[in-house]
Structures are given as C-alpha cells and as structure tokens.
Amino acid sequence: MDAELDSLRRNHLAEVLQLSITVGQATGLPGTISMLSQYGKYLISTWSSVFQAIVSLGFRPVQVALCLSFAFGASVAMGVLLVACIIGNHPNIVKAFNWFSEKYYSGLSPVNAPRNIFREISQKEVDAARVALQQPPKDPKAVGEHIFNLDMAKLLLQLASLMYERGAEPVNSAVATAHTHGISPSSTTSGTQYSFTRGGALAAVNDELQKKDGAIADFCHTFGLNYAPVSELNTRDSAYAALFWDPSSNWIILAFKGTSPTEYNDWVTDFDYQTVDADLELPGFGKGVHGGFFQRLFRSNNSMTKPWDTIVKGVNEIAKDILKRNPDSVAKINLYVTGHSLGSAVASLAFSRLVLVKSELDGHIVLRDGYMFAAPIVCDAKSVKAFNKAINMSMSIPRTLWRITNMDDIVATGLPAFGDLRNNPFSTSSHPLLSFAHLGAEIKMLRNPTPCLVVGWPLCSRNDPVVVTSTLHSASNPGDHGRSPGVLLILEQNPFFGRILQHAGFCYWDQLQSAERGA
C-alpha cells in the first residue's frame, strides 16, 4: 500500500474509532425510541427559538406570522417524516425492500432504485468529462463569461448520486470489529501490532470500513476511477464524504452524500435552521450559518478531530500520491467539489472554506469549480457577501460555485430565501429564517430549446445567459440520450407531487441530458 493512501486511511480510521464512543443508529424498538427523542428535542429547540424571536421582533405581525408559520410547517413535516422513518426502518420493511431491490433494481438504495441512471452514462460521456476535468484554468482576461461544463456536470451528478449507495453498515461493522479486537482511538498512531499488514487487527477494521457497495465498486471499475471514503461527518449514520480520482490524471473530486430518506438524523440536520457563529471556520460569515449543515463539517465532539481536518488531510494525501505516480506529466491537481441535496449544502460550506482559507491545501492543488445539485439555503446574506467578495478577489484562477436547480425543485426553491432578494424587506430582522440565502450562481436547468439561465444575482446579473459547453451536445447533435421523458415529465409537472419529484437525482439527470449547449 502506498504511504499516502495508508495515511489517508489511518486518518479516516482514527475518526471512525473516535466515533465508536458515540451511539450508532439503532433498529427496532430502541431505534424508534431514539427517533422519538430526536423529534422531541427538535420541537423544544425550534419553538424555544420561535418564542425568543417573537420577543425580539416586537410587534411586527408579518414577521411573527412568518416565523410561526414556518415553525408549525417544519414541526408537522418532521412529524410526518418521523412516522415514515419508523415504518421505513422496521426490520420487515427493510428486508422486503432489500429483496425487491435485489430482484428488480440491482440492489440500489431507495434514492436510486426508481431509475438506475448509472447504466445510462456512456463511456463517451465519461471520457468527455475526464478531458474537461484535467484542463488548466482559463485565462481570466480571455474569458468574460461564467462557463458551465455540461460534460463535467454529468459525471459529477453521477458521483453525487452514487454516494447514496453506501449506508451505515461499513462504519458500524468497523466499530464492532474494533471492539472485538480491543482497538482504541489511539491505536492508529501507536503500536506495531496495529499496522495495515495482512491479518493485522487494524487491517481487519480497515477492511470493513473500505467495503464498497456493489454499485460504487461496479461504477468505479467500469470507468477506471479510484474511490475512498474520507470522513463520516460526525455521525455513525450513513452521512459521509468521499474522494474520487484518476491515479493517472490530474484531478480529484470531493463529494458529499445527501439525505437518506429513512435516516431521521439526516432530516433533523436538514430542518435544524438555528444559526451558528461560523466566523472562526468561515472568516467573514458571522452568525448566520445553518447550524445543522455547519456541524457536519466543523463540530468536534470532545477530543474528536473535526471532520473538515480529516477531509483536508485526505485531499492532500491523494494529491501527493498522484504527483508521485506522474512526476513528469502532472504539476498541478484540479480539485472539484460536488453533492446533491444535503450533500450539496455541506459541500457548499466546504467549497467556501477552501475559497476563504487558502493555506490548507497543498501548493500543487488548484481549487476549481463546485457543482451543487438541488442546493438548499445555507447561510444569511452577510455570509453570501463575504463569499462573493472572496471568490471575486481570487479571479486569477476563475472559479464558480454552480448551484444547479431542476425547474421548481421543492428543496432548492421552496424554502424561505429572503436573503436572495436584492431588497430584502426583512433585512433588519434578528430572526435567521428571514435572512437565509443561497450560496453561488444558480443555473436553472430548462428543457431544450429554452436556454439555461444564470439567476444567482450575487455572482452574475439576474437572468444572464450562461455559456454551456460540451463536446457531445450541439444543435445538430443532441447527444446519445435524446429520449422522451414521457411519464416522468408528466409527473414532474404535477402541481402536488411534481416539485418533490423534481428533487430526485434521476430528474436532474434528465435535465442535463436534454440541456443545450451555447449561450
């Protein structure tokens, strides 16, 4: 095993062993009790915040009504999701779904089972994405537009969707194996008996942790990619970050997993809209960052290493490995960041950190673009301004945080985003709900022949056309997947279920396949 990969796995394993002192997701009655407890804590936290806000807002009936309405809606939604998660985690339901998925849907998770998009991407499309990923930054003096690469977006969406295929089992199995062998969190850095040598105790734990789901292993094998989980993001549930790279090329992709429908902890993270002071980790962002997303990256439990520290170490180690393997052909490593849903929210904060704090990455690594699919609100308008200022000051290397939205996706467009408004009527409000905003330039995916539009005003003028580039799509050559959306499109346009369905990764895949290149 190469020293760099050995170091990456040691850092990741050390994080997992620290998580061994926490409680993982329980099943059966203990799991139900745990979820009920989480819901109770959520209600107490949410409504305590609301009552405090009412006092601070004074007699401002519109603002008070908005806060009460959202808190009530969020509480109801969390109650519905609680019931759904209790049912979805019932052993008989889990067993039935696994049997059904194995028989009819290649064993995919509930997120990807309705449509296996991993079979739809072609070698030609992956090769086009590889070419785009390895290109050096454009000369900012020669390029006046924000360029959205469609080939790259397709591969990154596939990887963001692929992240859902790793559940909590590898982490919990690794923890159980560690307990069996009596391995403590300090074991990864001391004691020769805990080496990665074949048959060693630490190797046994690492083997459990590095197990790939079949879909991830198949995809990486088919297209010649390397993959390694790099952080569990402060939880023994299935949330995690991973790296994808080509050992013979010059790029790394940092991906974050989105919300698993049956994991209540993920929903608590999504709906935990209490803000935190993020200035120490994200200089300039202040006190308006979504607490649930922030804690996935930057919170440390007791003496635990923060997930972000483990992630940065992993990126640097992989970069060293690539440079070591390609001393004559690779001088700089391109780093891209991606995620879907909850994954895109955490990925947006990770991208922001890399823009704001430039000293963490190895000098050979160049931060390029972020491609965020179905991104929710993540911070307030002040934080957005700090991010925009930082990214515009670094235009010697042009980069864009793309926020890709499928039509009226409920997560990307349905939450209060008053901070996105040029003239927010609640800009002086002290309640975070009235100042939340999105990060990055939103590219609205509209069906060909309607051009895609950039509508994220902080980086571009509202409704400016974006230049969409692709080596496979043109007016005369729509690509290999010009298929009719049929029933899927009809369901997407349903006023009741359409906006929820539009959030699905396979619906985003449809939009990318039908998008047209050009202005």
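A. Structural detail: unusual backbone geometry. The backbone of Asn234 sits at a positive phi, close to 70 degrees, despite the residue not being glycine. Positionally, Asn234 belongs in the loop between strand E2 (226–231) and strand E3 (241–245). Even without glycine at this site, Ser341 takes up a positive phi of about 65 degrees. The topology assignment puts Ser341 in the loop between strand E7 (333–340) and helix H13 (342–356). Looking at Ser341, the relative accessible area reads 7%, which means it is buried.

B. Layout of the pairing of strand E4 (residues 251–256). Extensive coverage of E4 is indicated by the burial of six of its six residues. Here E4 shows two buried faces, one formed by Trp251, Ile253 and Ala255 and the other by Ile252, Leu254 and Phe256. Looking at chain direction, E3 and E4 are connected through five bridges and run antiparallel. Across the sheet, the residue bridging to Trp245 is Ile252, located in E4. Following E3, the chain reverses through five residues before pairing antiparallel with E4.

C. Representation of a nonpolar patch on the surface in the model. Judged by side-chain polarity, Trp99, Phe100, Tyr104 and Tyr105 come together as a nonpolar surface patch covering roughly 450 Å² of accessible area. Among the structural elements, Tyr104 can be located in helix H4 (residues 91–104).

D. Layout of the pattern of salt bridges. Going through the model one piece at a time under the given rule, you end up with 12 salt bridges. Residue Asp266 is joined to Arg296 by a salt bridge in which the shortest nitrogen-to-oxygen separation is 2.9 Å. Of this pair, Asp266 sits in helix H10 (residues 264–271) while Arg296 sits in helix H11 (residues 291–298), and the two are 30 residues apart along the sequence. What emerges from the salt-bridge pattern is a single network uniting Glu281, Lys306, Arg353 and Glu360.

E. Representation of the environment of Met163. You can see Met163 is positioned in the loop between helix H6 (150–162) and helix H7 (169–181). Those residues in contact with Met163 that sit more than four places away from it in its chain are Tyr240, Ala241, Ala242, Phe244, Ala255, Phe256 and Lys257.

The rules behind the values
Residues numbered from 1 in each chain as written. Predicted model: local features only at pLDDT ≥ 70, side-chain atom pairs only at ≥ 80, totals over all residues. Heavy atoms only, no water. Helix = DSSP H or I, 4+ residues; strand = E, 2+ residues; numbered from the N terminus. Buried < 20%, exposed > 50% of the residue type's maximum accessible area, 1.4 Å probe, protein only. Pairing = 2+ DSSP bridges. Patch = residues over 30% accessible without salt bridge, like charges linked within 9 Å, V, L, I, M, F, W, Y side chains within 5 Å. Areas by Shrake-Rupley, 256 points an atom, 1.4 Å probe, with all protein chains shown as cover. Salt bridge = Lys/Arg side-chain N within 4 Å of Asp/Glu carboxyl O. Contact = heavy atoms within 4.5 Å.

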